[in-house]
Amino acid sequence: MRKNLLLIILVSLCIGCKSTSITNNKLDGKKERMLKGDWTITSVTFPGSEYLNVTSFNLLDSQCFIGSDWNFISNNNKGTMRIKGNNKCQSFDSPITWYINTDGNFIFKIINGNKAKQVKSGYIMSVKNISETSFQLSNKVDVAGSIKDITYTFQRNNY
């Protein structure tokens, strides 16, 4: 009897302690379709951006992303990001997976030669000011010991 009771309690705990995602997984298909296509980051701004360096996405200085090309495919939530190298920045090219949830968050992972399910970390950003020709992604970063918003402004290519 004791064993049965203990087994019931363990099963109840396992079922009751189901893990949850920190992000809402319900997709906002309308916003995703608006991003379909080729885009270029035209500016990266945050308070003090003219004086301070901030590393974006654990890759490069945020200013290296200006002029980077991004492609979003909305029907399978895949895409690419390409950073053009110069004398201050190294080039970088990687597939990405992404989606926009109904909370207005843009969630993406840099795949960089791995399968998406093997990449355990990603980035959550707020989507702002979506139009036919531009949109912005914003997230919080540590700038000189203070949390600030960093905004990436995208412009549609060939529009």
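These figures come from a predicted structure and were not determined experimentally.

A. Focus on the environment of N157. In this fold, N157 is placed in the segment after strand 10 (146–156). For N157, a relative accessible area of 25% puts it in the partly exposed group. For the pair N157 and S134, spaced 23 residues apart in sequence, the C-alpha separation works out to 9.5 Å. In this structure the side chain of N157 is engaged in a polar contact, spanning 2.8 Å, whose partner is the side chain of T40.

B. Highlighting the pattern of salt bridges. For the structure on display, the rule yields 3 salt bridges. Its salt-bridge partner being K84, residue D69 comes within 3.2 Å of it at the nearest N-O pair. Residue D69 is found in strand 4 (residues 69–73), and its partner K84 is found in the loop between strand 5 (78–83) and strand 6 (92–100); the two are separated by 15 residues along the sequence.

C. Local environment of the state of the cysteines. Counted according to the given criterion, the structure contains 1 disulfide. Here C64 engages in a disulfide with C89; their sulfurs sit 1.9 Å apart. Here the S-S torsion is close to -80°, and the disulfide linking C64 with C89 is therefore left-handed. Of this pair, C64 sits in the loop between strand 3 (60–61) and strand 4 while C89 sits in the loop between strand 5 and strand 6, placing them 25 residues apart in sequence.

D. Structural context of the pairing of strand 5. With 5 bridges connecting them, strand 4 and strand 5 associate as antiparallel partners. Its bridge partner being in strand 5, F72 is matched across the sheet by G79. Pairing of strand 5 with strand 6, which is carried by 6 bridges, proceeds in the antiparallel orientation. The residue of strand 6 that forms the bridge with M81 is S94.

E. Up close: unusual backbone geometry. Despite not being glycine, F57 shows a phi value in the positive range, around 55°. Positionally, F57 belongs in the loop between strand 2 (55–56) and strand 3. Looking at F57, the relative accessible area reads 7%, which means it is buried. Unusually for a residue other than glycine, N129 sits at a positive phi of about 50°. Here N129 is to be found in the loop between strand 8 (123–128) and strand 9 (134–143).

F. Looking closely at the nonpolar core. Membership of the largest hydrophobic core comes to 31 residues, with the highest contact counts inside it found for F57, F65, W70, F72, F106, F108 and F154. Listing elements by their share of this core, those giving two or more residues are strand 1 (37–45), strand 4, strand 5, strand 6, strand 7 (105–110), strand 8, strand 9 and strand 10. Among the elements that line this core, the one with the most residues is strand 6, at 4 residues. Every residue in contact with F57, bar those within four places of it in the chain, is listed here: F65, W70, F108, I110, Y123, M125 and Y152.

What counts and how
- Residues numbered from 1 in each chain as written.
- Predicted model: local features only at pLDDT ≥ 70, side-chain atom pairs only at ≥ 80, totals over all residues.
- Heavy atoms only, no water.
- Helix = DSSP H or I, 4+ residues; strand = E, 2+ residues; numbered from the N terminus.
- Buried < 20%, exposed > 50% of the residue type's maximum accessible area, 1.4 Å probe, protein only.
- Polar contact = N/O pair within 3.5 Å; in protein donor to acceptor, adjacent residues only side chain to side chain.
- Salt bridge = Lys/Arg side-chain N within 4 Å of Asp/Glu carboxyl O.
- Disulfide = S-S within 2.5 Å.
- Pairing = 2+ DSSP bridges.
- Core = buried A, V, L, I, M, F, W, Y, C linked by side-chain atoms within 4.5 Å.
- Contact = heavy atoms within 4.5 Å.

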